[in-house]
Amino acid sequence: MSHKPAPFKIHGLQGELLANEPMSKYTTWRVGGRADWFYKPAHLGDVTQFIQRIPEHMPIFWFGLGSNLLVRDGGIRGVVVYTSGLLNQIKMIDNTHIYVEAGVSCAKVARFTAREHLTGAEFLSGIPGTMGGALAMNAGAWGGETWDFVESVTTLNYQGQLHKRSPQSFDIGYRQVKGLQNEWFVATKLKLSPQVDTVAQERIKTLMQKRNESQPIGLPSCGSVFRNPPDDYAARLIEAQGLKGYKIGGACVSEKHANFIINQDNASAQDIESLINFVQQTVLDNTGIQLVYEVKIVGEVA
């Protein structure tokens, strides 16, 4: 049964407001029901105006590249604010600091900093998301974590007000950031180290080669489904249960990397969620280890 969103209009904004927009167009898994409303802001000032003027109590969901995210088949109630490629400013502040808005892809940040002869952010080349998402979950790869380099963040609240926050405002851990109540990350100031010659560019090439060799690049997935447990790897635990290639509906555990689930044959979000739960339960039953989701599951069941 289709859901009909409550109508509303906001005049004078520069962004684009869409009704009943299918989230499958935007998620890296290529699944997901419809969002009641989907807003593509023109710039940061535009989105602050939008947030101030939407109907009171309307749920707001911030959305970047659609990686690390499973949107259920029933879709998302309220409004989705789409940042990818829109909140897209990235610039040098001084010799060691850069300003990055939430919609800039992590890979672009890695390339930009390398070109500017800064090192530290190379690991971001392996994260298939935006800086907003990386900040929200303390994304990491190859030993690097996003918040290791954050000097400050800019957040936006439900009233459309911008705030500057320090890392000390949050409880930051492995793949999680706590303490952000009814605010969203819209920009960050990163502090990096000067580098000599092309060290960072060479490191990015090496990391991308490793990624391409070990992960099912080019197939619809969300990246890593589960966090690595202490002193172990989720992929090793899943593979040890013989689950590579295991399918539910159109969803399949990757043969190349067991911590990836791919949309192999027109999977539904329910197929993927069922497979995630099956993998988690199988590992728990056989090892006693409870794998924790790295992927975020949102939206309504169809």
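Just so it is clear, the model here is predicted, and its values are computed rather than measured. (Residues numbered from 1 in each chain as written. Predicted model: local features only at pLDDT ≥ 70, side-chain atom pairs only at ≥ 80, totals over all residues. Heavy atoms only, no water.)

Digging into the nonpolar core
Part 1 of the reasoning: Formed by 30 residues in total, the largest nonpolar core has its most connected members in Ile98, Val100, Val109, Leu124, Met131 and Trp147.
Part 2 of the reasoning: Going through the elements one at a time, β7 (97–101), α2 (106–115), α3 (131–137), β11 (150–157), β15 (183–191) and α4 (199–214) are the ones with two or more residues in this core.
Part 3 of the reasoning: Counting residues per element, this core draws most heavily on α2, at five residues.
Part 4 of the reasoning: When neighbours within four sequence positions are excluded, valine 100 is seen to be in contact with Gln89, Ile90, Val109, Met131, Ala187, Thr188 and Leu190.
Part 5 of the reasoning: Among the nonpolar cores identified, the runner-up in size contains 25 residues, and Phe226, Ala251, Ile261 and Val283 belong to it. (Core = buried A, V, L, I, M, F, W, Y, C linked by side-chain atoms within 4.5 Å. Buried < 20%, exposed > 50% of the residue type's maximum accessible area, 1.4 Å probe, protein only. Helix = DSSP H or I, 4+ residues; strand = E, 2+ residues; numbered from the N terminus. Contact = heavy atoms within 4.5 Å.)

Details of the sheet that holds strand β2 (residues 34–40)
Part 1 of the reasoning: Strands sit in the order β1-β2-β5-β3 across an open sheet of four strands; the sheet is mixed. Strand pairing shows two members of the sheet lacking a second neighbour, β1 (16–22) and β3 (60–63), which therefore form its edges. Between one strand axis and the next, the sheet turns by 30° as a mean value, whatever way the strands run.
Part 2 of the reasoning: Taken together, the four bridges between β3 and strand β5 (residues 76–82) define a ladder with parallel strand orientation. Its bridge partner being in β5, phenylalanine 61 is matched across the sheet by valine 80. (Pairing = 2+ DSSP bridges. Axes fitted to C-alpha atoms, helices over the stretch in contact; angles between N-to-C directions.)

A closer look at the sheet that holds β11
Part 1 of the reasoning: A sheet is described by the order of its strands in space; here five strands give the open sequence β6-β7-β15-β11-β12, paired in antiparallel fashion. The open sheet terminates on both sides in strands that have one partner only, identified here as β6 (90–92) and β12 (162–165). Put simply, the sheet's adjacent strands are angled 20° from each other on average, direction ignored.
Part 2 of the reasoning: α2 rests against β6, β7 and β15 of the sheet, and its axis sits at about 20° to β6.

Section: the pairing of β15
Part 1 of the reasoning: Of all nine residues in β15, seven are buried; the element is thus mostly enclosed.
Part 2 of the reasoning: As paired strands, β7 and β15 are joined by five bridges and run antiparallel to one another. Within β15, the position partnered with isoleucine 98 by the bridge is leucine 190.
Part 3 of the reasoning: Relative to β15, β11 is paired through seven bridges, and the arrangement is antiparallel. Counted as the bridge partner of leucine 156 is tryptophan 184 from β15.

Brief notes about the environment of isoleucine 127
Part 1 of the reasoning: Topologically, isoleucine 127 is positioned in the loop between β8 (118–119) and α3.
Part 2 of the reasoning: Overall, isoleucine 127 belongs to the buried group, its relative accessible area being 12%.
Part 3 of the reasoning: As for isoleucine 127 and methionine 23, which are separated by 104 residues in sequence, their C-alpha atoms are 21 Å apart.
Part 4 of the reasoning: Not counting residues within four places of it along the chain, the set of residues in contact with isoleucine 127 comprises Cys106, Ala107, Ala139, Gly140 and Ala141.

Nothing here speaks to function; it is all geometry.
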